[in-house]
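Examining the three-dimensional arrangement
Listed here are the chains, written in short residue letters.
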Amino acid sequence: MEKIILDCDPGHDDAIAILLAAGNPKIDLLGITTVSGNHNVENTTRNALSVCTAYGIKVPVAKGSPGPLIIDQVLAVEIHGDTGLDGPVLPPASFELDKRHAVDFIIDTVMAHAPKTVTLVPVGPYTNIALAVRKDPRIVERVKRVVAMGGSYTRGNITPAAEFNVYGDPEAADVVFRANWDVTMVGLDLTHQALATKELQDRVRAVGGPMAKFILDIWEFIATTHGGLLQIEYPAVHDACCVAAMIDPTVFTTEKADIRVELAGRWTKGMTVCNFEKMGGMHHFGGTASEQTDFRHTVAMKLDHPKFCDLIVDALERLARQ
Ligand code: BDR
Ligand code: CA
């Protein structure tokens, strides 16, 4: 079983990531931490609690950072609506938050488990993760991996160059990519292959029940916002891709690269600049010894879409039976 902490900003696709993590027996969901991103942290926390309440997911939920480390807050209201999860109807949350701040929850949980057994799965801006690294750097050595939704080696979505989670807190992303741990970047190049196609929507509809309706309502809402803005035919199920990879690493192929986060560019702030190993080491970042290329990051490349869809439908069927 893979022990994970899901750090999220629900968020439509975040909600599906929660359901996938809770609905697959290979995942031991140690807790959910929330962050400001798609909406403010009050709303993303309420949404996380509501999803857990609605579907009987009994894991600790810890509220995290109200805003990025340095820049002003950037919300994705035009994609996720005024509540952060517009469209589907959810019950009010009926259980209490963990008493700890998300940053302390992450540190406590990682340090309480054996070395290299807990994976961090950030699928919102990486503020909580960066603060946890700053507060207790021992977690860098201790975690198994970081599998993060965010970034891109081709296009952005919030700007031509930058993806939302990295753009939402670039300095935090810089901390995460520079820390000496095993990071996988599950960027837009991958998640734009993870589309809720008509076939997937029909399979979810065939399962039936309130949770299937919830997922279909998510996609119906997102199709009206995300699809229009990004010229994608179907809604992208971004965040669930990270959880899918924890369940079955063969769900996407990967390549090694050296990733740097652009912090100063006038038009490119928040861009994840990727130097791929397969380029033969010809294209270095150059400069001082500390800037030498080291291909220690992993980049998600090609999704096995049928396998991804099977995992979503399987989790839905299991949760519906519980
Ligand atoms: C990311 O931004 C958010 O809107 C989604 O939840 C996802 O984590 C995609 O760029
Ligand atoms: Ca998200």
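Look above for the structure.
Residues numbered from 1 in each chain as written. Chains lettered and ligands numbered in written order. Predicted model: local features only at pLDDT ≥ 70, side-chain atom pairs only at ≥ 80, totals over all residues. Heavy atoms only, no water.

What to know about the overall build of the protein chain
Note the threshold: Only DSSP runs of H or I with at least four residues qualify as helices, and only runs of E with at least two residues qualify as strands; both kinds are numbered from the N terminus onward. Radius of gyration: over C-alpha atoms. The globule rule applied is 2.2 Å multiplied by the number of residues raised to the 0.38 power. When accessible area is computed with a 1.4 Å probe and restricted to protein chains, residues below 20% of their type maximum are described as buried, those above 50% as exposed, and intermediate ones as partly exposed. Charged residues are defined narrowly, with Lys and Arg counted positive, Asp and Glu counted negative, and His plus the chain ends left uncounted. A charged residue contributes its charge at one atom only: NZ of Lys, CZ of Arg, CG of Asp or CD of Glu.
From N to C terminus, the protein chain includes 13 helices and nine strands. The C-alpha atoms of the protein chain give 18 Å as radius of gyration, which agrees with the globular expectation for 322 residues (20 Å, within 12%). If you line up the protein chain on its principal axes, its C-alpha atoms span 60 × 40 × 35 Å. With 322 residues in all, the protein chain has 59% of them scored as buried. One finds the centroid of the 30 positive side-chain charges in the protein chain at a distance of 4 Å from the centroid of its 40 negative side-chain charges.

Topic: the sheet that holds strand β2 (residues 27-34)
Here is the rule we go by: A strand pair is defined by DSSP finding two or more bridges across the two strands. We call two residues in contact whenever any of their non-hydrogen atoms come within 4.5 Å of each other. Note on method: axes are straight lines fitted to C-alpha atoms, helices fitted across the in-contact stretch only, with angles between N-to-C directions ranging 0 to 180 degrees.
With mixed pairing, nine strands are arranged side by side in an open sheet as β3-β2-β1-β4-β5-β6-β9-β7-β8. Unpaired on one side and paired on the other, β3 (61-62) and β8 (272-276) mark the two borders of the sheet. Sheet topology places strand β7 (residues 252-261) next to β8; five bridges connect them, and they run antiparallel. The residue bridging Ala-257 from the neighbouring strand is Phe-276, located in β8. Most of the contacts of helix α1 (residues 12-23) go to strand β1 (residues 2-8), to which it runs at about 165 degrees, and overall it touches β1 and β2. Packed on one face of the sheet, helix α4 (residues 102-112) meets β1, β2, β3 and β4 (118-122) and runs near 155 degrees to β2.

A closer look at a nonpolar patch on the surface
For the record, the criterion: What makes a patch is a set of residues exposed beyond 30% relative accessible area and free of salt bridges, joined within 9 Å when like-charged and within 5 Å when nonpolar (Val, Leu, Ile, Met, Phe, Trp, Tyr). Each accessible area is a Shrake-Rupley result for a 1.4 Å probe, and residues are judged covered by the shown protein chains and nothing else. Salt bridges are defined by distance alone: a side-chain nitrogen of Lys or Arg within 4 Å of a carboxyl oxygen of Asp or Glu.
A contiguous nonpolar patch, built from Leu-69, Ile-70 and Leu-131 and spanning about 250 Å² of accessible area, is present on the exposed surface. Inspection of the secondary structure puts Leu-131 in helix α5 (residues 127-135).

By themselves, these observations are geometric and do not establish any function.
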